[in-house]
Structures are given as C-alpha cells and as structure tokens.
Amino acid sequence: MSTLSNKIAIVTGGSSGLGKATLKKFASEGAVAINWDINTQRGTDLLKELEAQGFKSDFYQVDTADIQSVTNATSSIIQKYGCIDILVNNAGITRDATLLKMTDEQWQAVININLTGVFNCTKAVAPYMVEKGYGRIISISSVVGLYGNFGQTNYAAAKAGVIAMTQTWAKELGRKGVHANAVAPGFIQTEILDAMPEEVLAKMRSKVPLQKLGSPDDIANVNAFLASSAADYINGAVISVDGGITL
Ligand code: NAD
C-alpha cells in the first residue's frame, strides 16, 4: 500500500543527493512530490524523469534563502494543489574553514541557506498546515549539529539551530496537528564523496560502528517513515541516521 497517497509534499534541494532520493521515495509512495531547488536544469531534468515513470511530481525554481522566492512558490502551490501536507527542509551547502580562517562570506552563506532557509520555508508553509490541522515538517540536520566538527563552525551552528527550531515548532505547532522532527545524518555516500581518495573513505568507514557509509536511500526511508501515519506519535524527535558514529 502507498503510505503517502495523494499527499502534497515539498522537498527543498530535491535535485541532488539526499533530497533527490527523498523526492523519488515520496513519489513512489504516492505523494505529489514537489521539488524546490535553486538549480533549474537539474530540477527540470528530474521532473521529466519522474513524470516519465508515471509519478506525480512538480518543480519550482526556489532560492530558500530568499523569503520572496519561497513565498511566491508557496502561493503557487496553494493555488494549484489547495494544501501542503509535508515539508522536508533539506537544501543545504558547506563552506568549510577553521574558525581562524573562516570569512564573513563563508559564515553568512551557510547561515543564509542552512538556517534562515529552513526558517523561511517553514514560516511560509506552516500557516497552511495549521489551517488544515495537519502537517509534517522534517528538517535535515546533521550529526555535526549535535557534536560539532573541525572546520565547520558555520555548518555546525546552522545544523544545531535546525534542531532547536524543530523542538520549538514541535511545542508550538503540535497542538495544531503539525508535527516537526529532525533527521541527523552521519557520513552518507553522495556525489561529493565520489572524488575522495579511497584511503580517506576507508578512514571514514572505520570510524562508524557499522563499518560502512550510509546511502541517500537510508535517509529517504526515514523521511518517508516520519511523513507517514506510522509516525503519528513522533513529534520533536531528532533521529540520528549515522550507523552509530555518534556513540
Ligand atoms: P547536495 O549538495 O547533493 O544537494 C543539495 C541540493 O540543495 C542541491 O540540489 C542544490 O541545488 C540545492 N540547493 C542549494 N542551495 C539552495 C538554495 N538556496 N535553495 C534551494 N536549493 C538549494 O547535498 P546533500 O549531500 O544531498 O545534502 C542534503 C542535506 O543533507 C543538506 O542539508 C546537508 O547539510 C545534509 N547532510 C548531508 C550529509 C551527507 O553526508 N551528504 C550528512 C549530513 C547532513
């Protein structure tokens, strides 16, 4: 049985990596899987691919860091589909440098997308969920948001902020039928890692109790679970999907 039949679901940054796997999983579970991504080419290509497979999907070119862009896309979706059931705040970037070398530009770019972008999307979409008395907000944090990481002051701050916002929204919106949860991935095998030397990958694997990296599908499966009725009593949770690396 399709667990997300006819749900209207937005995935930000759905053109690549974890977002793409989530978008595909949601579509395969019967949702109208809507991608909000800044990259028009990849978004259009993926939409064609999903439609060719018979899935219900849509694409909006959105910059999640720009509140006007987010508000416009939200209005268009409400006009076209009438409601929004699920929001996955997934879009994110890295601009790594140690504290002593981090520039204002690196700090601000990551805060704008990874923290303010999550705020913008949730702020724009939540009123429609509250109006319907139903909503599922899933925000992608990181194990780095729990424990910090060398060279990632900006990223760690934003990802910790995502957890704190999620817990706040769980308290504010829970009574209105809107659940907010966060997912904290560990090392996931995405395109970025394709270019990494094997010895670096081996070192990463060795740090994980399961002795392997995660796949985008590992995250997509948890997102689909949190979006489904099987997770109806889960609110304000931070679910680590990391092979046990944080232990
Ligand atoms: P990715 O780079 O493969 O994909 C990110 C997507 O976001 C891209 O399609 C990009 O075009 C889009 N995007 C970037 N800026 C945007 C903006 N301003 N507005 C709209 N779209 C924008 O990244 P990924 O590895 O799949 O990571 C996805 C999320 O998971 C991120 O939030 C990341 O921090 C988090 N995460 C990833 C890992 C990992 O190992 N890959 C681990 C922990 C957390």
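Just so we're clear, the structure is a prediction, and the values are computed from it rather than from any experiment. (Residues numbered from 1 in each chain as written. Predicted model: local features only at pLDDT ≥ 70, side-chain atom pairs only at ≥ 80, totals over all residues. Heavy atoms only, no water.)

**Student:** Which residues make up the pairing of strand β6 (residues 178-185), and what are the values?
**Tutor:** Of all the 8 residues making up β6, 8 are buried; the element is thus mostly covered by neighbouring parts of the structure. On β6, burial covers both faces: Val 178, Ala 180, Ala 182 and Ala 184 on one face and His 179, Asn 181, Val 183 and Pro 185 on the other are all buried. Where strand β5 (residues 135-140) and β6 come together, 6 bridges link them in parallel fashion. Counted as the bridge partner of Ile 137 is Ala 180 from β6. (Buried < 20%, exposed > 50% of the residue type's maximum accessible area, 1.4 Å probe, protein only. Helix = DSSP H or I, 4+ residues; strand = E, 2+ residues; numbered from the N terminus. Pairing = 2+ DSSP bridges.)

**Student:** I'd like to hear about the sheet that holds strand β7 (residues 238-241), residue by residue, with values.
**Tutor:** Judged by pairing direction, the sheet is parallel, and its 7 strands sit side by side in the order β3-β2-β1-β4-β5-β6-β7 without closing on themselves. Two strands close off the open sheet at either side, each with one partner strand: β3 (57-61) and β7. In this sheet, neighbouring strand axes are inclined to one another by 20 degrees on average, regardless of whether the strands run parallel or antiparallel. The sheet contact formed by β6 and β7 spans 4 bridges and is parallel. (Axes fitted to C-alpha atoms, helices over the stretch in contact; angles between N-to-C directions.)

**Student:** Which residues make up the pattern of salt bridges, and what values do they have?
**Tutor:** Within the structure shown, the criterion is met by 7 salt bridges. The residue Lys 25 makes a salt bridge to Glu 29 at a minimum N-O spacing of 3.4 Å. Lys 25 gets classed as partly exposed once you look at its relative accessible area, which sits at 23%. For Glu 191, the salt bridge goes to Arg 42, with nearest N and O atoms at 3.3 Å. Placement of the pair is Glu 191 in helix α7 (residues 191-194) and Arg 42 in helix α2 (residues 40-52), with a sequence separation of 149 residues. Judged by relative accessible area, Arg 42 falls into the partly exposed class, the value being 34%. (Salt bridge = Lys/Arg side-chain N within 4 Å of Asp/Glu carboxyl O.)

**Student:** Let's hear about the side chain of Asn 120: which residues, and what values?
**Tutor:** Relative to the elements of secondary structure, Asn 120 occurs in helix α4 (residues 104-132). According to the relative accessible area criterion, Asn 120 is buried, its value standing at 5%. Once residues within four sequence positions are removed from consideration, Asn 120 is found in contact with Thr 64, Ala 65, Asp 66, Ile 67 and Val 70. (Contact = heavy atoms within 4.5 Å.)

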